[in-house]
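Here is what each chain is made of, one letter per residue.
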Amino acid sequence: MKFRLTILFALTLAAALAAFGTGCSDSDFDPVGNRLPETGLAITGVIDTTFYQVDLKWWGSDTDGDVVGFEYRWEISDPNDSLSTFDLDTEWTFTAFNKKVFNLPVPDSIRVFEFFVRSIDDQGAVDDSPAAQTYPFFNNPPEGSIRFKEVLPDSSWPAISFGWNSFDPDGDSTIAKHLVWIEGREDRPWEFAADIDTVLLRPEDIDTSGSLIFYYQVIDQGSAASPPDSFHVEIWPTIGNVLLVDDYSRLPNIPDVFYRKMLDERLGEGNYTIAELLKRKFFGEDATAAFLESFETVIWYTGARQRFVLGDEEDFSQMALADSGLGTMLGKGGSLFMSSLNALGTFAGLTNDFYKERLEVDTLYINRSTGGTSFEFTGIQSDFPLLSVEGSGLPGLAVPFQLRYTGGMESPDTTRERFGELIYRLPTGALKNQWIVDADTIVVDSFFLDDLLVALDTTIIERDTVEMGFYPAVRNELPGGGRAVIFMLPFSYYQGETFGGTDNEEVFRNLLDWLGAPSTAR
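Within any chain, residue numbers begin from 1 and follow the written order of that chain's sequence. Residues qualify for local features only when their pLDDT is at least 70, as the model is predicted, and side-chain atom pairs are given and counted only at 80 or more; totals for whole chains, interfaces and linings, by contrast, use all residues. Working from all heavy atoms in the structure, the side-chain values ignore hydrogens and water.

Caption draft 1: Representation of the overall build of the protein chain. Numbering of helices and strands starts at the N terminus; helices are DSSP runs of H or I of at least 4 residues and strands are runs of E of at least 2. In terms of helices and strands, the protein chain carries ten helices and 30 strands. Only protein chains enter the accessibility calculation, which uses a 1.4 Å probe. A residue is then buried if its area is under 20% of the maximum for its type, exposed if over 50%, and partly exposed in between. Scored against the burial criterion, the 522 residues of the protein chain give a buried share of 46%.

Right, dumping it as structure tokens:
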């Protein structure tokens, strides 16, 4: 009987417990509730001054669940200190990780910060006693200086390239950025990444003229800044989107008068920029390119300036400096008119590959029979041969000067597909005192005729009896929309009715129309 009562009691108790379990929740059953997580820092106690870039580690635990994340924040120990302009996490910031590398803003010498971190458990409970630690941080400011400041120009067109040297006693890897600004614009500097050490400021960046001071400063990851370095430069003003490059420095001043008269007529006096290279030279290839690219049309002339050998005193380095910029301008859809005896060819100011790399044509032979363009301009002559028009619809032009061709001949590659459009041809006989050696097709000056006869033992034919097909004017339309006219003779010397009754002004107007040059300044 006693055994049966024990079994009955056990069954009754089990049923009661089951009934109780189905009628009560877990929370009702747990009289303690969710326990808060705990947080600790890997390093605590008194800490000596340490570098502002610090790797902190912390941990969290929860006796009745799991820690799913942390929140941290920084506090400035000195209540009178303010670093509000710096990027500092002063509000609670969530992270799922238990470590992080911090760069604290220490703009000068030493700053003391307090770090707080607290755990969050899987039920959203937050440690109400965050772990805390006080850290004194130090930072040695970086150093920076403008490189080769002594050779920078004291006056310039509004495009400047310069570089700098920077150093951080705490390690160059801690450099954060570089700042450049113009005096009066301290609130809007240009920022450059840590690995940059050269800057090119373009016309649209500078956007002003006059006496300017440019400043440079390096900033490290702790927000310390070097003392600013600076240089002074006079920026010349620019007007409109048409640039006239006066690359001529002789008298009589026929080219200057001609081109300025034509642009005054088209744009209005004072509505375009004039670059007189004798007075205001370009400086640096990158800066020159940036300056030229800011215009839609460039008109460049050298008048009767020329050189026959590389040792000649005539300087075409400014044209060579502009090679890249002119090409980029054309690639953006701009237009170029160039009149120069040394625009292309043997002793040219532009590179030998300008037509391939910049004009984007396979070949550009100013002469169908020669790749050289070395000429001697010998002034006014008594008879005026007329430039023949090659289907361009342009008026004819009289030639009021003599030329002597002094270069060697080469045969053009006739397999090329893209040529410039040949718009003018110089007639036979216009190149004076020339001879052709029939056997080797070499043009020579008659001064060397006797020596050449002995050396080659061949027949001599006078220049005037042979059709050379010399083309002094070529124009090109580029795939990207740019257009160029290269005139291998001093165009401005075709003085209209003064010589032969032809009108170079009409031709120039037509060429500007074809180039797409504006009719009014913007």
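What follows continues from the structure just given.
Caption draft 2: Molecular detail of empty space enclosed by the protein. Throughout, the protein atoms alone are placed on a 1 Å grid, and a set of points is a cavity if a 1.4 Å probe fits but cannot get out or a pocket if it is open with protein on both sides within 12 Å along at least five of seven lines; lining residues have an atom within 4 Å of a point. Grid points are joined across faces, edges and corners, and a volume is the space filled by probe spheres set on the points. This model, assessed by the stated rule, comprises two cavities of 30 Å³ or more. Among the secondary structure elements, those contributing two or more residues to the lining of the largest cavity are strand E10 (155-156) and helix H5 (285-293). Here the lining of the largest cavity takes three residues from H5, the largest share from any one element. Gly is put with the polar residues, along with every residue not named as nonpolar or charged; the nonpolar set is Ala, Val, Leu, Ile, Met, Phe, Trp, Tyr, Cys and Pro, and the charged set is Asp, Glu, Lys and Arg. Its residues assigned to classes, the lining of the largest cavity comprises six nonpolar, three polar and one charged.

Caption draft 3: Highlighting helix H10 (residues 504-515). Given a rise of 1.5 Å per residue, twelve residues ought to cover 16 Å, and the 16 Å separating the end C-alpha atoms of H10 matches this to within 8%. If you check which residues of H10 are buried, you get Asn504, Glu505, Val507, Phe508, Leu511, Leu512, Trp514 and Leu515. Immediately beyond the C-terminal end of H10, within one or two residues, lies Gly516, with a positive phi of roughly 85 degrees. Expected helix span is computed as 1.5 Å times (number of residues minus one).

Caption draft 4: Structural view of the pattern of salt bridges. In the sections that follow, a salt bridge refers to a side-chain nitrogen of Lys or Arg positioned within 4 Å of a carboxyl oxygen of Asp or Glu. Considering all chains together, one arrives at 17 salt bridges under this definition. Here Asp197 ties to Arg147 by a salt bridge, and the two come within 4.0 Å at their closest N and O atoms. Taken together, the positions of Asp197 in the loop between strand E13 (190-193) and strand E14 (198-201) and Arg147 in the loop between strand E9 (143-146) and E10 put the pair 50 residues apart, joining distant regions of the chain. Between Arg509 and Glu265 there is a salt bridge, with the nearest N and O atoms lying 2.7 Å from each other.

Caption draft 5: Here's a closer look at the layout of surface pockets. As a volume, the largest pocket reaches approximately 280 Å³. Along its surface, the largest pocket is lined by 17 residues, and Asp87, Leu88, Asn103, Leu104 and Pro105 are the ones closest to its centre. Counting residues per element, the ones that place at least two in the lining of the largest pocket are strand E6 (99-103), strand E12 (175-182) and strand E15 (210-220). The leading source of residues in the lining of the largest pocket is E6, at four residues. When the residues that make up the lining of the largest pocket are grouped by side-chain class, the tally is nine nonpolar, three polar and five charged.

Caption draft 6: Layout of the side chain of Asp246. Here Asp246 shows up in strand E17 (residues 242-246). Pairs of N or O atoms are called polar contacts if they sit within 3.5 Å, as long as, within protein, a hydrogen donor faces a hydrogen acceptor (for residues adjacent in sequence, only side-chain-to-side-chain pairs). Engagement of the side chain of Asp246 in a polar contact is seen with the side chain of Tyr301, the distance being 3.3 Å. Sequence-distant contacts of Asp246, defined by excluding residues within four places in its chain, comprise Asp256, Arg260, Ala275, Glu276, Leu277 and Tyr301. Contact definition: two residues touch when any of their heavy atoms are within 4.5 Å.

Caption draft 7: Spotlight on the packing of helix H4 (residues 254-267) against H10. For helices, the fitted line uses only the C-alpha atoms of the stretch in contact; every axis is such a line through C-alpha atoms, and the angle between N-to-C directions lies from 0 to 180 degrees. At their nearest, the axes of H4 and H10 sit 11 Å apart, and the two run at 55 degrees to each other. By the angle between their directions, the pair H4 and H10 is classed as oblique. At the point where H4 passes H10, the crossing takes the right-handed sense. Facing H4, whose interface residues are Phe258, Tyr259, Lys261, Met262, Leu263, Glu265 and Arg266, H10 presents Asn504, Glu505, Phe508, Arg509, Leu512 and Asp513. Just so you know how the angles are binned, under 35 degrees is roughly parallel, over 145 roughly antiparallel, 65 to 115 roughly perpendicular, and the rest oblique. It is the rotation of the near helix from the far one that decides the hand of a crossing: anticlockwise by less than a right angle makes it left-handed, clockwise makes it right-handed.

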